Amino acid sequence: MEIITKAPRGTSDKLPSDINKWQTIESAAAAVAQAYGCKEIRTPIFEHTELFQRGVGSTTDVVQKEMYTFNDKKGRSITLKPEGTAGAVRAAIENGLLNEALPLKLYYFTRCFRYEAPQSGRMREFNQFGVEIFGADSPVSDAEVICMVNDIFVFLGLEGIRLEINSIGCPKCRAEYQNALREYYGQFRDKLCDTCKDRLEKNPMRLLDCKSEICHSFAEKAPVILDYLCSDCSDHFEGVKTALKALNINYTINPRIVRGLDYYTNTVFEFISDNCGTQGTVCGGGRYNGLVEEIGGRSMPGLGFAMGLERIIMVMDAQNAKYKPAKQCDLFIAGTDSDATRYAAILAHKLREYGFWAECDIVGRSLKAQMKYADKIGANFSMVIGGDEMNSQKAELKNMKTGEKITVSIGENFAANINSILAFSE
Ligand code: HAM
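All residue numbers refer to position in the chain's written sequence, counted from 1. Note on the predicted model: pLDDT of at least 70 is required for a residue's local features to be given, and 80 or more for side-chain atom pairs to be given and counted; whole-chain, interface and lining totals, by contrast, use all residues. Computation of side-chain values covers all heavy atoms of the structure but excludes hydrogens and water.

The next subject is the overall build of the chain. Across its full length, the chain carries 15 helices and 16 strands. Taken over C-alpha atoms, the radius of gyration is set against a globule rule of 2.2 Å times the number of residues to the power 0.38. Taking 22 Å as the expected radius of gyration for a compact globule of 426 residues, we find that the chain reaches 28 Å, considerably beyond that expectation. The C-alpha extent of the chain, read off along each of the three principal axes, is 90 × 55 × 40 Å. Only protein chains enter the calculation, and the probe is 1.4 Å; a residue is then buried if its accessible area is under 20% of its type maximum, exposed if over 50%, and partly exposed in between. The buried share of the chain, taken over its 426 residues, is 50%. Within the structure as shown, the chain displays about 21200 Å² of accessible surface, and the carbon and sulfur contribution to it stands at 50%. Separation of charge centres in the chain, based on 51 positive and 55 negative side chains, amounts to 3 Å. Only DSSP runs of H or I reaching four residues or more are called helices, and only runs of E reaching two or more are called strands; each is numbered from the N terminus. Exposure was quantified through the Shrake-Rupley algorithm and a 1.4 Å probe, taking into account, for residues, occlusion by the shown protein chains and nothing else. This count recognises Lys and Arg as positive and Asp and Glu as negative, with His and chain-terminal groups excluded. One atom stands in for each charge, and that atom is NZ of Lys, CZ of Arg, CG of Asp or CD of Glu.

In structure tokens form, the structure reads like this:
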């Protein structure tokens, strides 16, 4: 097949026949986020590369191996967003949103780009829904953010999604932990992948989520961060657990979750499903108390999550969850000749003002072919306009499912008259 008729590896088209799936998830996620007081933000699909190097972390897999980076015509290094948090933080700082009422609660839908080996549930271009909250430090805020994810899954009717949580502490307690990791991984230095040999000194926590098989196998017995938390971080984690229990949210503690991005502090969490191919994580997030400052803002706690929408669809499909039904054409108005078709176009236009999906012939088909088309697109009603109808200002409205016909006026108040018939036909 010619290359131009094939989408690049790791990307996918979202086809009209599936768009109701996307709309179902997007409207549920937005409704739940809005109920928590979140407002939508839209930020550019590309940013200066430095934002991700500083924000996501220069020793992460995402930055070292997976970014789509290029120089623009002026030689500036630009990167397609690999995730949504860094851009949201940049936009909040740049536009002074952090000087407004706090906590600031934002939500977004974004495409993300990561040059990974494509697998079922792992794409090079994928879609995230995310939430970022700034200026909230109490453990209740961690629990609320987790509860929001849970609410979205409940809203969508999803089942069996497990929540795993961990705390990765603050820079203070992490220093000791990193030394313990250096000591542990030091024994296997020669066997580590080249990237991890380098990370061992710079950022040993990254070894824990290295995707190479051999490094991955050493992670199993590595020291765990929970044994190294300082008392503030330990208290915070206890507070999160208590608040989750109060909200009736089940979780398990997985001390091996470190997340693949460098900005996290304290609470980290993942929602995992067995229904999304080789990739189990449908949603990941956590707290990032140092990120706003790292990117150039004032010291400000932050936390959030992002869910992969392709993976949510995989889970919904596997569980036969219900999507909002795709819309159908309300009325197809056929014309017997070009005069009648022009009249049909006027009638269709009137109906559209009422929000109905109305169509007429725009390709010059015969009456028979027009009716075949109406059938093919699944129109709920049809109507034929000809000379008689235009003279009498009356036409037959046919219910395509039952075959029932009623005569309606096609004069001045046409749309107002048939409005309720079309609306209550389902
Ligand atoms: P993340 O864990 O890298 O976190 O990605 C979040 C979610 O995006 C994953 O749980 C997964 O569902 C989806 N995802 C990630 N990579 C792929 C891929 N290659 N193909 C398909 N889906 C994928 C973040 O991006 C953080 N920004 C989340 C966050 C927001 N933390 C705090 N605030």
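With that out of the way, let us pick up the pattern of salt bridges. Each salt bridge in this description consists of a side-chain nitrogen of Lys or Arg and a carboxyl oxygen of Asp or Glu lying within 4 Å of one another. Per the counting criterion, the structure on display carries 26 salt bridges. Between Lys-14 and Glu-310 there is a salt bridge, with the nearest N and O atoms lying 3.2 Å from each other. Of this pair, Lys-14 sits in the segment before α1 (19–35) while Glu-310 sits in helix α11 (residues 309–318); the two residues are 296 residues apart in sequence, bridging distant segments of the chain. Between Glu-270 and Arg-259 there is a salt bridge whose closest N-O contact spans 3.0 Å. Within this pair, whereas Glu-270 is found in strand β9 (residues 265–272), its partner Arg-259 is found in the loop between β8 (252–253) and β9, the two being separated by eleven residues in sequence.

With that out of the way, let us pick up the sheet that holds strand β14 (residues 381–385). An order of β13-β12-β14-β15-β16 is seen for the five strands of this open sheet, with the pairing classed as mixed. The open sheet has two free edges, formed respectively by β13 (358–360) and β16 (405–409), since each of these has just one partner strand. Each adjacent strand pair in this sheet contributes to an overall mean axis angle of 25 degrees, direction not counted. Where β14 meets strand β15 (residues 394–399), three bridges bridge the pair, whose relative direction is antiparallel. The residue bridging Phe-381 from the neighbouring strand is Asn-399, located in β15. Only strands joined by at least two bridges in the DSSP assignment are considered to pair. Between N-to-C directions, angles cover 0 to 180 degrees, with each direction set by a line fitted to C-alpha atoms, over the stretch in contact for helices.

Our focus in this paragraph is the environment of Leu-244. Its place among the elements puts Leu-244 in helix α9 (residues 231–246). Residues contacting Leu-244, with those up to four places away along its chain left out, are Ala-143, Ile-146, Ile-165, Ile-249 and Tyr-251. Contact criterion: two residues are considered in contact whenever any of their non-hydrogen atoms come within 4.5 Å of each other.

Another point: the site of the ligand. In the region of the ligand, 26 residues are neighbours, and Glu-83, Thr-85, Glu-116, Glu-132 and Tyr-264 sit closest. Nitrogen and oxygen atoms within 3.5 Å of one another constitute a polar contact, given that in protein one can donate a hydrogen and the other can accept it, and given that sequence-neighbouring residues count only through two side-chain atoms. The separation between an oxygen atom of the ligand and a polar side-chain atom of Arg-114 is 2.8 Å. In the model, a nitrogen atom of the ligand is placed 2.8 Å from a nitrogen or oxygen of the Met-123 main chain. Considering the ligand on its own, with 660 Å² of exposed area, one finds that the protein chains cover 96% of that surface. Those elements that provide at least two residues to the shell around the ligand are β6 (125–134), β10 (281–287) and β11 (302–308). Throughout, the term near means that a residue has one or more heavy atoms lying within 4 Å of the molecule or strand in question.

To continue, consider a positive patch on the surface. A cluster of basic side chains, namely Arg-365, Lys-368, Lys-372 and Lys-376, defines a positive patch on the protein surface. With respect to the helices and strands, the residue Arg-365 is situated in the loop between β13 and α13 (367–376). Put simply, a patch holds well-exposed residues, over 30% relative accessible area, that have no salt bridge, with like charges counted together within 9 Å and Val, Leu, Ile, Met, Phe, Trp or Tyr side chains within 5 Å.

We now examine the side chain of Arg-199. In this fold, Arg-199 is placed in helix α7 (residues 194–202). A residue is classified by how much of its surface remains accessible, and Arg-199, at 1% relative accessible area, is buried. Apart from residues no more than four positions distant in its own chain, Arg-199 is found in contact with Thr-59, Thr-60, Asp-61, Gln-64, Pro-204, Arg-206, Leu-207 and Cys-210.

Taken together, three strands build an open sheet; the order of strands is β2-β4-β3 and the sheet is antiparallel. The sheet is open, and its two edges are formed by β2 (46–48) and β3 (69–71), each paired on a single side. Between one strand and the next, the sheet's axes are offset by a mean angle of 35 degrees, whatever the strand orientation. Across three bridges, β3 lies against strand β4 (residues 77–80) in antiparallel orientation. Paired with Thr-69 across the bridge in β4 is Thr-79. Those strands touched by helix α2 (residues 49–57) are β2, β3 and β4, and its axis lies near 80 degrees from that of β2.

Let's shift gears to the environment of Ile-295. Note that Ile-295 resides in the loop between α10 (291–294) and β11. Assessed through its relative accessible area of 18%, Ile-295 is described here as buried. For the pair formed by Ile-295 and Ile-257, sequence separation is 38 residues and the distance between their alpha carbons is 24 Å.

A word on the pairing of β16. Regular strands have side chains that alternate between both faces of the sheet. Where β15 lies against β16, five bridges are found, and the strand directions are antiparallel. Bridging from a neighbouring strand, Lys-398 pairs with Lys-405 of β16. Counting the residues between successive antiparallel strands, the hairpin from β15 to β16 contains five residues, one of them, Gly-403, with a positive phi of roughly 80 degrees.

Along the chain, Leu-102 connects to Pro-103 via a cis peptide bond; the corresponding omega equals 0 degrees. Relative to the assigned elements, Pro-103 resides in the loop between α4 (85–94) and β5 (104–113). Of note, the phi angle at Asn-266 is positive, near 55 degrees, even though the residue is not glycine. Tracing the sequence through the fold places Asn-266 in strand β9. Not every positive phi belongs to a glycine, and Asn-320 is a case in point at roughly 50 degrees. Within the element layout of this structure, Asn-320 appears in the loop between α11 and β12 (331–335). What makes Asn-320 exposed here is its relative accessible area of 69%.

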